[in-house]
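Chain by chain, the residues run as shown.
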Amino acid sequence: MTHTIRKATTDDAGPLADLTAVTFPLACPPSSSPEDIAAHVANTLSERHFREYMADPDVTILVIDADGALRGYSLLVNRPAEDPDVAAALKVLPTMELSKCYVHPEHHGLGAAGELMHASLQAAAEAGAAGVWLGVNSQNARAIRFYEKSGFRKVGSKSFRLGTTVEHDFVLERALP
């Protein structure tokens, strides 16, 4: 696979929404209803939402562009954590949230996720962050292994509303070099 990692452009908003429709369900626990997943995607990860994220100066979106097709993305948020459970758990400040980090399942196991993570951490460091944090569903063992391999450690927990259910996420943090 030939690919590059680059900053997203407004032309990527539609393809990002399409990619999210494939990747977000993979991060959800098996008990999540398709209706709750679809509602969350529509309410926070649509093309319109990606355009809004790109217009926000505190948000950076990186994409994996594989010969013109988006195969992964990350979304970094450079603001203090609003959730009090998260804010209390974080120790490395100033911090940046890695809000999203997804790779198309056809590209799992090919090293693309590691490259995207490296580029995301580099972007956070260049923005002045001393650390990066993320929330990951407590049942998503594959993602937890990947994040731990990437240097993240569990520092707390938080709740995440997915439609009609409340999910439980681990809060993971890592210092930047």
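That block above? That's the structure.
The sections below set out a description of the structure shown in this document. (Residues numbered from 1 in each chain as written. Predicted model: local features only at pLDDT ≥ 70, side-chain atom pairs only at ≥ 80, totals over all residues. Heavy atoms only, no water.)

1. Some details on the nonpolar core
Phase 1 of the analysis: Among the nonpolar cores identified, the biggest contains 24 residues, and Leu98, Met117, Val132, Leu134, Val136, Tyr147 and Phe152 are the most heavily contacted of them.
Phase 2 of the analysis: Looking at this core, the elements with two or more residues in it are strand E2 (59-66), strand E4 (95-103), helix H5 (112-126), strand E5 (131-137) and helix H6 (141-149).
Phase 3 of the analysis: Tallying contributions element by element places H5 first for this core, with 7 residues.
Phase 4 of the analysis: With residues near it in sequence (within four places) discarded, Leu98 still touches Ser74, Leu75, Leu76, Met117, Ser120, Val132, Trp133 and Leu134.
Phase 5 of the analysis: Judged by nonpolar contacts, the second largest core, of 21 residues, contains Val41, Leu45, Leu75 and Tyr102. (Core = buried A, V, L, I, M, F, W, Y, C linked by side-chain atoms within 4.5 Å. Buried < 20%, exposed > 50% of the residue type's maximum accessible area, 1.4 Å probe, protein only. Helix = DSSP H or I, 4+ residues; strand = E, 2+ residues; numbered from the N terminus. Contact = heavy atoms within 4.5 Å.)

2. Regarding the environment of Ala124
Phase 1 of the analysis: Secondary-structure assignment places Ala124 in helix H5.
Phase 2 of the analysis: Measuring from C-alpha to C-alpha, the distance between Ala124 and Thr95 comes to 8.4 Å, with 29 residues separating the pair along the chain.
Phase 3 of the analysis: Sequence-distant contacts of Ala124, that is, excluding residues within four places in its chain, are made with Leu76, Met96, Ala129, Val132 and Leu176.

3. A look at unusual backbone geometry
Phase 1 of the analysis: At the junction of Leu93 and Pro94, the peptide bond is cis and its omega measures out at 0° in the coordinates.
Phase 2 of the analysis: Within the secondary structure layout, Pro94 lies in the loop between helix H4 (84-89) and E4.

4. Brief notes about the packing of helix H1 (residues 13-23) against helix H3 (residues 47-55)
Phase 1 of the analysis: For the pair H1 and H3, the least separation of the axes is 8 Å and the interaxial angle reads 120°. When the axis of H1 is compared with that of H3, the two are oblique. Both H1 and H3 take part in a crossing whose hand is right-handed. Together, Ala13, Gly14, Leu16, Ala17 and Thr20 of H1 and Glu47, Phe50, Arg51 and Met54 of H3 make up the contact between the two elements.
Phase 2 of the analysis: In terms of residue class, the contact of H1 with H3 is built from 5 nonpolar, 2 polar and 2 charged. (Axes fitted to C-alpha atoms, helices over the stretch in contact; angles between N-to-C directions. Parallel < 35°, antiparallel > 145°, perpendicular 65-115°, else oblique. Left-handed = near helix turned anticlockwise from the far one by under 90°. Nonpolar A, V, L, I, M, F, W, Y, C, P; charged D, E, K, R; others polar.)

5. Topic: the packing of aromatic side chains
Phase 1 of the analysis: Under the defined criterion, the tally for this structure stands at 6 aromatic pairs.
Phase 2 of the analysis: Summarising the aromatic geometry, the rings of Phe24 and Tyr102 are spaced 6.4 Å apart at their centres and angled 80° between planes, so their arrangement reads as edge-to-face. Of this pair, Phe24 sits in the loop between H1 and helix H2 (34-44) while Tyr102 sits in strand E4, and the two are 78 residues apart along the sequence. The pair Phe24 / Tyr102 is uniform in exposure class, with both members buried.
Phase 3 of the analysis: A ring pair is formed by Phe50 and Tyr73, whose centres lie 5.5 Å apart and whose planes are at 85°; its orientation type is edge-to-face. With Phe50 in helix H3 and Tyr73 in strand E3 (residues 69-77), this pair connects stretches of sequence that are 23 residues apart.
Phase 4 of the analysis: Assessed through its relative accessible area of 0%, Tyr73 is described here as buried. (Phe/Tyr/Trp six-rings, centres within 6.5 Å; stacked < 30°, edge-to-face > 60°.)

6. Topic: the pattern of salt bridges
As a working rule, side chains carrying opposite charge can pair if their charged atoms are close by.
Phase 1 of the analysis: Taken as a whole, this structure holds 8 salt bridges when the rule is applied.
Phase 2 of the analysis: A salt bridge links Arg6 to Asp12; its shortest N-O distance comes to 2.7 Å.
Phase 3 of the analysis: Under the relative-accessibility criterion, Arg6 is labelled partly exposed at 25%.
Phase 4 of the analysis: Across the salt bridge formed by Asp65 and Arg6, the nearest N and O atoms sit 3.1 Å from each other. Of this pair, Asp65 sits in strand E2 while Arg6 sits in strand E1 (residues 4-7), placing them 59 residues apart in sequence.
Phase 5 of the analysis: Each of Arg6, Asp12 and Asp65 takes part in one network of salt bridges that share partners. (Salt bridge = Lys/Arg side-chain N within 4 Å of Asp/Glu carboxyl O.)

7. Considering the pairing of E4
Phase 1 of the analysis: Burial runs high along E4: 7 of the 9 residues are buried.
Phase 2 of the analysis: Strand direction decides the pairing type here: E3 and E4, joined by 6 bridges, are antiparallel. Looking at the pairing, Ser74 lines up with Cys101 of E4.
Phase 3 of the analysis: Bridge count between E4 and E5: 3 bridges; the pairing is parallel. Pairing of Glu97 across the sheet is with Trp133, part of E5. (Pairing = 2+ DSSP bridges.)

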